[in-house]
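Structural characterization, general
Below are the chains, spelled out letter by letter.
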Amino acid sequence: MPDPAPANAPLSRPIIAGIVTALVGVTSSFAVVLTGLAAVGASSAQAASGLLVLCVTMGVASIILAWRTRMPVTVAWSTPGAAVLAASGGVDGGWSAAVGAFLVTAALILLTALWPQLGRLIARIPPSIAQAMLAGVLLPLCLAPIGGLMQTPWAVAPVLATWLLAVRFAPRWAVPLAFVAAASVIGIDIALSDAAVASSSLVPRVEFIAPSLTVGSVLGLALPLFLVTMASQNVPGVAIMRSYGYHVPWRPAMLVTGLGTALGAPAGGHAINLAAISAALAAAPDADPDPRRRWVAGVSTGVTAIALGGLSAVLTALVLVAPAGVVPAVAGVALLAAFGSAVQQAVDEPGERLPAVVTLVVAASGVQAAGIGAAFWALAAGLLVRGVLRLGAAPR
């Protein structure tokens, strides 16, 4: 690690870094979360509840892990997991079965902490297949801004223009600024249409539901949600922290995020995990020159995330009154970087390319069979094609 900073360096620096981390994380992907929860059967009130408990559980988890490890460990909701929900559509058994799938996901995360063999089993799934499944799930969501632009160009064009300019001049804030543009468009539309938003709908509240389990929800939702959360969030999150000199303890991290997911699931929270891309905002030298004090940024991230949970009902209300295409446009641009990364990793190795492409197109098709969503069938198809192509081939 680099030499520590002078003792009189302002503590406000890591605190502000944590606030920025939470703001960027929440505003850049809350639309994806609400879209995903609604797709698997949540009402607007249940989706708002899910957003609230995700903010609270990931905030508490960030505080616990940063405080106990004295590292800038930050926890986020599973954005790729929310994309899986959005791609899954209606789940056999409805919203209660989706909540049951969230609990199964939590159990699997906890199992990776308590039973290392499960982690090794996951590692046997070729990364190209896992990333291709994620890319296929993300593709329809990434196409949404184009459809929105054709449907309501006056509302979507300002969002896309803001995002593009921000990508050029302020990349970190590109998606949050796109959300600000969307909020402005929504505000103008409300003013012009004299629409009213009930004040009672702006108060955050938790709505619990009894979970249930179906074969479709376990195989078509819980399993893909678990896989993308591990492969696209937890594993990269550990790697990013290591690049800054921090070795995150795997078992405690999985125990805390698994328990957080389990506690949030009955109220609609799909999954929390170690932050990946946004982790750098709290762990990099910009957060504090002294690496031994950057854990303060992790605590600050958690406190800010909990505070932002108070806006969950407001954000949900904005989504409900938004002109057609606006919210999908924000969600789509938020996922473009993740889609590009997934495609690159899926087709990077020529020998794995064809199985990966098959996985991608099956996932993107949105096909459902036997009550099981496309993400599961994409994995099955990719592994089948890969197995057939390797029949009789000499081991590598």
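Source: prediction; values computed, not measured.

Description of a nonpolar patch on the surface
A contiguous nonpolar patch, built from Val56, Val60, Ile64 and Ile306 and spanning about 250 Å² of accessible area, is present on the exposed surface. Of the residues examined, Ile306 reaches a relative accessible area of 31% and is grouped as partly exposed.

Comments concerning the packing of aromatic side chains
Following the criterion strictly, the structure yields four aromatic pairs and no others. Seen from their ring centres, Trp67 and Trp295 are 5.6 Å apart, and the 90° between their planes marks the pair as edge-to-face. Remark: Trp295 occurs in helix H12 (residues 295-308) and Trp67 occurs in helix H2 (residues 44-69); sequence separation between them is 228 residues. Aromatic side chains Trp95 and Phe102 sit 5.9 Å apart centroid to centroid with 75° between the ring planes, which places their arrangement in the edge-to-face category. Trp95 gets classed as buried once you look at its relative accessible area, which sits at 6%. Residue Phe102 is classed as buried on the basis of its relative accessible area, which comes to 0%.

Section: the environment of Ala363
The residue Ala363 is located in helix H15 (residues 353-365) in this model. Classification of Ala363 by relative accessible area gives buried; the value is 4%. Setting aside its immediate chain neighbours within four residues, Ala363 contacts Met133, Gly136, Val137, Ala374 and Ala378.

A short note on the environment of Ile272
For Ile272, the position within the fold is in strand E2 (residues 272-274). Sequence separation between Ile272 and Ala76 is 196 residues, and the spatial gap between their C-alpha atoms is 5.6 Å. Apart from residues lying up to four places away in sequence, Ile272 is in contact with Leu54, Thr57, Met58, Ala61, Val75, Ala76, Trp77, Ile109, Thr257, Gly260 and Thr261.

Considerations on the pattern of salt bridges
Summed over all chains, the structure comprises four salt bridges. Across the pair Arg386 and Glu352 runs a salt bridge, and its minimum N-O distance is 2.8 Å. You can see Arg386 sitting in helix H16 (residues 374-389) and its partner Glu352 sitting in the loop between helix H14 (326-347) and H15, a full 34 residues away along the chain. Take Glu352: its relative accessible area is 5%, and that puts it in the buried class.

Notes on the environment of Ala313
Its place among the elements puts Ala313 in helix H13 (residues 312-321). Residue class for Ala313 comes out buried when judged on its relative accessible area of 4%. Separated by 21 residues in sequence, Ala313 and Ala334 place their C-alpha atoms 21 Å apart.

Conventions we followed
- Residues numbered from 1 in each chain as written.
- Predicted model: local features only at pLDDT ≥ 70, side-chain atom pairs only at ≥ 80, totals over all residues.
- Heavy atoms only, no water.
- Patch = residues over 30% accessible without salt bridge, like charges linked within 9 Å, V, L, I, M, F, W, Y side chains within 5 Å.
- Areas by Shrake-Rupley, 256 points an atom, 1.4 Å probe, with all protein chains shown as cover.
- Salt bridge = Lys/Arg side-chain N within 4 Å of Asp/Glu carboxyl O.
- Buried < 20%, exposed > 50% of the residue type's maximum accessible area, 1.4 Å probe, protein only.
- Phe/Tyr/Trp six-rings, centres within 6.5 Å; stacked < 30°, edge-to-face > 60°.
- Helix = DSSP H or I, 4+ residues; strand = E, 2+ residues; numbered from the N terminus.
- Contact = heavy atoms within 4.5 Å.

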